[in-house]
Amino acid sequence: MGLLDYFRAGRPKGSAAVAKERLQILVAHDRRVRGRPSYLPKLQQEILAVIRKYVEVDMNAVSVNYEQEADQEILELNIVLPEQAERA
Amino acid sequence: MARIIVITSGKGGVGKTTTAAAMAMGLAQRGHRTVVIDFDVGLRNLDLIMGCERRVVYDFVNVINGEANLNQALIRDKRCDNLYVLPASQTRDKDALTKEGVGKVLEDLGQGHDYVVCDSPAGIEHGATMAMYYADDAVVVTNPEVSSVRDSDRMLGILSSKSRRAESNAEPIREFLLLTRYSGERVERGEMLSVDDVQEILSLNLLGVIPESQAVLNASNAGVPVILDHDSEAGQAYGDMVARYLGDDVPMRFINSAKKGFFSRIFGG
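Residues numbered from 1 in each chain as written. Chains lettered and ligands numbered in written order. Predicted model: local features only at pLDDT ≥ 70, side-chain atom pairs only at ≥ 80, totals over all residues. Heavy atoms only, no water.

## Some details on the overall build of chain A
Our working definition: Going along the chain from the N terminus, every DSSP run of H or I of four or more residues is numbered as a helix, and every run of E of two or more is numbered as a strand. Relative accessible area decides the class of each residue, using a 1.4 Å probe on protein chains only: under 20% of the type maximum gives buried, over 50% gives exposed, and in between gives partly exposed. Residues are treated as being in contact if the distance between any of their heavy atoms lies within 4.5 Å. In these tables, accessible area is a Shrake-Rupley quantity obtained with a 1.4 Å probe, and a residue counts as shielded only by the protein chains included in the view.
When helices and strands are tallied, chain A shows 2 helices and 2 strands. Written out in order from the N terminus, the α and β elements of chain A read α-α-β-β. Taken over 88 residues, chain A has a buried fraction of 20%. By sequence separation, contacts in chain A at least 24 residues apart represent 31% of the contacts at least 6 residues apart. In the form shown here, chain A has an accessible surface area of approximately 7100 Å², with 53% of it arising from carbon and sulfur atoms.

Right, here's the structure in full:
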């Protein structure tokens, strides 16, 4: 870059910076997904089926989250039960 | 036993075959007995880049199927006595490469050689997974471009899970980054990801940076590995890469654009 470039107003930021930012987000996401065990979707379905035997919950009521940290794996289950009024 | 090096990338057209040819030639020229194998069954190209396409009689699949022995299929390079090429088959389907068959060929090659360089096909299909399965070292060829970097990261995941070393809990494959088609000038203008950017994202050991160069096309036109073009920047950069792989401490060259004169420094451009 020349010295005068510093004085040119409104010079657009290079596209490389955008590329880097997009990649950092994407690669982090890819890596999270990659480490997940392949049984996760099936596990989610079966847990949901068991819960629905007792409570009428929505298809999206169970979320299964898997995270890997240095030397431990965390399987997080989140089940949202319906409001009191909606219960049968 | 020979050390098995896979040249891989995920994305096509980034310079895997150019790199495989250059690396094999570079290792052989430094006195190491080397074989370079084309794993791209159905779409063979390594023979063209090596300039031995008219001497192909038997191929990799013939050897796996027992239709020819290794000595019949290996093509000795005319420029370097230490170098052999094992071409891919052009006609057979990709499933011809079985895990057992590939393992047996690599084991036999390992007896009389120091390095076996595997030129992987693009993608993550059978041929590519076969090329990397037995690897000891992997060179991930990457262009400073979003889809190439993303695919390289994907390959790293596969290398660390679907290889013999991973399955047997052995020491993991040594992974190296090779950045190709690099333009220091475009990086300076903020138009291209820099070496540091790519390294920050992939966090890999940098084996080399190959500048974008007309010499690469000239070399493939002529069937001469570009590493033999000592006058070109790309040829020299591949030479540096091989030296680094063998443990020499060589500084990175050709990363910055050519030195600018006084006036262009002031006025830009």
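## Brief notes about helix α6 (residues 126-133) of chain B
Owing to its 3.6 residues per turn, the α-helix aligns residues three or four sequence positions apart on the same side. All names here are of chain B. Of all the 8 residues making up α6, 7 are buried; the element is thus mostly covered by neighbouring parts of the structure. Considered for burial, the residues of α6 that qualify are Gly 127, Ala 128, Thr 129, Met 130, Ala 131, Met 132 and Tyr 133. Looking at the buried residues of α6, the elements they touch are β1 (3-8), α5 (99-112), β5 (115-119), α7 (146-159) and α8 (164-167).

## What about the nonpolar core?
Residue and element names in this part refer to chain B. Counted only if it meets this: The set of buried Ala, Val, Leu, Ile, Met, Phe, Trp, Tyr and Cys residues whose side-chain atoms join them within 4.5 Å is what this entry labels a nonpolar core.
Membership of the largest hydrophobic core comes to 54 residues, with the highest contact counts inside it found for Ile 37, Phe 39, Phe 60, Leu 86, Leu 97, Val 102 and Leu 109. Here the element with the most residues in this core is α7; it accounts for 5 residues. Beyond its immediate sequence surroundings of up to four residues, Leu 86 is in contact with Val 35, Val 36, Ile 37, Asp 38, Asp 59, Phe 60, Leu 70, Ala 73, Leu 74, Val 105 and Leu 109. Among the nonpolar cores identified, the runner-up in size contains 41 residues, and Val 14, Leu 46, Met 50 and Ala 219 belong to it.

## Examining the sheet that holds strand β3 (residues 75-76) of chain B
Residue and element names in this part refer to chain B. Heads up, the rule is: Any two strands between which DSSP finds at least two bridges are classified as paired.
Strands sit in the order β3-β4-β2-β5-β1-β6-β7-β8 across an open sheet of 8 strands; the sheet is mixed. Every interior strand has two partners, whereas the edge strands, β3 and β8 (205-211), have only one. As judged from the 2 bridges shared by β3 and strand β4 (residues 83-86), these two strands associate in the antiparallel manner. Note that in β4 the partner of Arg 76 across the bridge is Tyr 84.

## Overview of the packing of α7(B) against helix α10 (residues 195-202) of chain B
Residues and elements named next belong to chain B. The line we're drawing: All axes here are fitted lines through C-alpha atoms, helices being fitted over the stretch that makes contact, and every angle between N-to-C directions spans 0 to 180 degrees. Here a crossing is taken to be left-handed if its near helix is turned anticlockwise relative to the far helix by less than a right angle, and right-handed if that turn runs clockwise. Ten residue types, Ala, Val, Leu, Ile, Met, Phe, Trp, Tyr, Cys and Pro, are classed as nonpolar, four, Asp, Glu, Lys and Arg, as charged, and the remainder, Gly among them, as polar.
Following both chains from N to C, one finds α7 and α10 inclined at 35 degrees, their axes separated by 10 Å at the closest point. Remark: the crossing between α7 and α10 carries right-handed chirality. Between α7 and α10, the residues in contact are Val 149, Ser 152, Asp 153 and Leu 156 and Val 198, Ile 201 and Leu 202, respectively. For the contact of α7 with α10, the residue count by class is 5 nonpolar, 1 polar and 1 charged.

## Focus: the packing of aromatic side chains
All names here are of chain B. For clarity, the threshold we go by: Pairing of aromatic rings covers Phe, Tyr and Trp, the last counted by its six-membered ring, and requires centre-to-centre distances within 6.5 Å; plane angles under 30 degrees mean stacked, over 60 mean edge-to-face, and any other angle means tilted.
A complete count under the given rule lists 4 aromatic pairs over all chains for this structure. When the ring of Phe 176 is compared with that of Tyr 245, the centres are 6.0 Å apart and the planes differ by 75 degrees; the resulting orientation is edge-to-face. In this pair, Phe 176 sits in strand β7 (residues 174-182) while Tyr 245 sits in helix α12 (residues 233-245), placing the two residues 69 residues apart along the sequence. Within the aromatic cluster, the residues linked to one another by ring pairs are Tyr 115, Phe 176 and Tyr 245.

## Regarding unusual backbone geometry
Residues and elements named next belong to chain B. Look at Asn 169: it is not a glycine, yet its phi comes out positive at around 55 degrees. With respect to the helices and strands, the residue Asn 169 is situated in the loop between α8 and β7. With a relative accessible area of 72%, Asn 169 lands in the exposed category. You will see that Arg 181, though not glycine, has its phi angle at about 55 degrees, which is positive. When you line up the elements, Arg 181 lands in strand β7.

## Details of the pairing of β4(B)
Residues and elements named next belong to chain B. Side chains of β4 alternate between two faces, with Leu 83 and Val 85 and Tyr 84 and Leu 86 buried alike. Pairing between strand β2 (residues 34-38) and β4: 4 bridges, direction parallel. What sits directly across from Ile 37, in β4, is Leu 86. Count of turn residues in the β3/β4 antiparallel hairpin: 6 residues.

## Focus: the confidence of the model for chain B
In low-pLDDT segments, the atomic positions of the prediction should not be examined closely. Convention followed: As a per-residue measure, pLDDT reflects the predictor's confidence and takes values from 0 up to 100.
Summarising the model, chain B shows a mean pLDDT of 92, and 95% of its residues fall at 70 or more. Model confidence for the complex: the whole-complex pTM is 0.83, and ipTM, which rates the interface, is 0.80.

## Thoughts on the pattern of salt bridges
For side chains of opposite charge, pairing can occur when their charged atoms come near one another. To keep it simple, the criterion reads: Take a side-chain nitrogen of Lys or Arg and a carboxyl oxygen of Asp or Glu: if they are within 4 Å of each other, that pair is a salt bridge.
The final tally for this structure, using the stated rule, is 19 salt bridges over all chains. Of the charged contacts, one joins Lys20(A) and Glu200(B) as a salt bridge, the two residues approaching to 2.9 Å between their closest N and O atoms. With Lys20(A) in helix α1 (residues 15-34) and Glu200(B) in helix α10, this pair bridges two chains. Among the residues examined, Lys20(A) registers a relative accessible area of 18% and is labelled buried. One salt bridge connects Arg30(B) with Asp248(B), and the closest N-O pair in it is separated by 3.6 Å. In this pair, Arg30(B) is assigned in the loop between α1 (16-29) and β2 and Asp248(B) in the loop between α12 and α13 (262-267), connecting sequence segments 218 residues apart. The partly exposed category is assigned to Arg30(B), whose relative accessible area is 42%.

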